Amino acid sequence: MRWLLAVSAVMILTGCAARGPRRFVLTEDALIPPLVRQPLRVGGVSLKSCEVASGPLKASTRRHNLYLRRTGGAVTSTTLREFRDGLAGMEANGCLMEGGAQLAFTALTDMLALPSASLFLARYGMAHDSASIDVEPGFFLRVVSPLLRAGASDMKLDVEIPEQPGVIHVKAGKELEGFETSYYAVEASRSAVVFSLVSVEHSRMGKVSSASAPAGYRLQPPETARCFRMLFLRRRSDSDRNLTLLGAGSRAELDAAQRRMESAADPMAACSDERFAWCQPVPRLSAVAPMLRVTVNEKSVFVHVRGTIGDAIQAAGFPRRQGRWAVERFWQGRLVPLVVSTRPEALFDLVLLGEERITLLAP
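Reading guide: rules and limits
Residues numbered from 1 in each chain as written. Predicted model: local features only at pLDDT ≥ 70, side-chain atom pairs only at ≥ 80, totals over all residues. Heavy atoms only, no water. Helix = DSSP H or I, 4+ residues; strand = E, 2+ residues; numbered from the N terminus. Expected span 1.5 Å × (residues − 1). Buried < 20%, exposed > 50% of the residue type's maximum accessible area, 1.4 Å probe, protein only. Pairing = 2+ DSSP bridges. Axes fitted to C-alpha atoms, helices over the stretch in contact; angles between N-to-C directions. Contact = heavy atoms within 4.5 Å. Phe/Tyr/Trp six-rings, centres within 6.5 Å; stacked < 30°, edge-to-face > 60°. Salt bridge = Lys/Arg side-chain N within 4 Å of Asp/Glu carboxyl O. Disulfide = S-S within 2.5 Å.

Asker: What am I meant to see in helix 3 (residues 100-111) here?
Answerer: Given 3.6 residues to a turn, an α-helix orients residues that are three or four positions apart in the same direction. For helix 3, built from 12 residues, the straight-helix expectation of 16 Å at 1.5 Å per residue is met to within 8% by its first-to-last C-alpha distance of 17 Å. Of all the 12 residues making up helix 3, 10 are buried; the element is thus mostly covered by neighbouring parts of the structure.

Asker: What am I meant to see in the sheet that holds strand 16 (residues 278-281) here?
Answerer: Note on sheets: strands pair through backbone hydrogen bonds, and any given pair is parallel or antiparallel. The strand order 7-14-15-16 describes an open sheet built from four strands, whose pairing is antiparallel. The open sheet is flanked by strand 7 (132-135) and strand 16, the only strands paired with a single partner. For this sheet the average axis-to-axis angle between neighbouring strands, irrespective of direction, equals 20 degrees. The sheet contact formed by strand 7 and strand 14 (residues 227-232) spans four bridges and is antiparallel. When the sheet's bridge partners are listed, Ser132 is paired in strand 14 with Leu231. Most of the contacts of helix 5 (residues 251-263) go to strand 14, to which it runs at about 20 degrees, and overall it touches strand 7, strand 14, strand 15 (243-248) and strand 16.

Asker: Looking at this structure, how should I read the packing of aromatic side chains?
Answerer: The relative placement of two aromatic rings is captured by the distance of their centres and the angle of their planes. Under the counting rule described, the total for this entry stands at seven aromatic pairs. Centre to centre, the rings of Phe228 and Trp278 are 6.0 Å apart; their planes meet at 85 degrees, and the pair counts as edge-to-face. Taken together, the residues Phe228 in strand 14 and Trp278 in strand 16 connect sequence positions 50 residues apart. Neither residue differs from the other here; Phe228 and Trp278 are each classed as buried. When the ring of Phe318 is compared with that of Trp325, the centres are 5.3 Å apart and the planes differ by 85 degrees; the resulting orientation is edge-to-face. An aromatic cluster of at least three residues, connected via ring pairs, comprises Phe120, Tyr124 and Phe139.

Asker: Help me understand the pattern of salt bridges, please; the structure alone is not making it clear to me.
Answerer: A side chain with one charge may pair with a side chain of the opposite charge, provided their charged atoms come close. A full pass over the atoms with the stated rule returns 13 salt bridges. Of the charged contacts in the structure, one is a salt bridge between Asp255 and Arg229, with a shortest N-O distance of 3.0 Å. Of this pair, Asp255 sits in helix 5 while Arg229 sits in strand 14, placing them 26 residues apart in sequence. Residue Glu356 is joined to Arg329 by a salt bridge in which the shortest nitrogen-to-oxygen separation is 3.4 Å. Within this pair, whereas Glu356 is found in the loop between strand 20 (334-340) and strand 21 (357-362), its partner Arg329 is found in strand 19 (residues 324-331), the two being separated by 27 residues in sequence. Within this structure, Glu91, Asp134, Arg229, Arg251 and Asp255 form a network of salt bridges that share partners.

Asker: Which parts of the structure should I look at to understand the state of the cysteines?
Answerer: A covalent bond between the sulfur atoms of two cysteines is what we call a disulfide. Applying the stated criterion across every chain, the model contains two disulfides. Covalently, Cys50 is tied to Cys95 through a disulfide, its sulfur atoms 1.6 Å apart. Given an S-S torsion of about -75 degrees, the disulfide between Cys50 and Cys95 has left-handed geometry. Taken together, the positions of Cys50 in the loop between strand 3 (40-42) and strand 4 (51-54) and Cys95 in the loop between helix 2 (77-92) and helix 3 put the pair 45 residues apart, joining distant regions of the chain.

This is the structure:
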């Protein structure tokens, strides 16, 4: 409850024309952004008049613009999910241009003082128990797939399961030469989302080399697919995959395709039969994971979604929770410094949104 009271006090102040230092303040209860004038305008995204609200969060359109407001009262995880669904619905019913909801999600995180995990939920909509996540600009997709010997089309796995609870040993067959790791940037192109290949690495016998193009599984959605979602499906048969990529021409078509997948007795059969969306099961022995990119001491590193400052520091090769660090985070399109007004170690638990800049001040 303490952070709810702190958030309420801060957000009441944002109704004024804010004049103050542009910095984030990390307290024990919330990450407080620089103050903004309310309503917060997202320009040029509205196609017609409409509005949505959930608890103290409200959105309305006027003269091609979307306006976001936050009144008094608590912002909970349920509130954030419902408000995000409402903004997505505004795009699905043609009130907002394609891609308008994603711009609204970004603006929403600029105006809310909440715990960093809640800000991640506001921006990307992915909770720990989510069955899906939208693949939005700001993400990177890491694709890992096996490299097989010439002429091999599949790989055998020998699995040793102990009689008592313990370690399960998995041994790959002779067909496996190594693994390939590819990174794709998720980018906005006009009102569409596109995947741009960033890098490809091959790892064979402990040796890592770069490649110009993937040799294994690659992401090649059709040009008609303009927005994408990852579905984490429940395994119902031996043919099921834990992960499926879904793409469609609009958010409304994407929602409809997801409902068909989730209601089908055999999701993979429904995926193969899908005629109104692009449905791509991730192949056996391959994996696709959404990642965030941040900079640590001028080195780019990738961190899993919902990762923290501590995770990024560790990924860059530093001790996870040691040293004195400076952090800059994007706010309204520019990097803004972050100051800690609570115990210093709280910084390491801050959940990332992507493209933060982290700099070591003292070991």
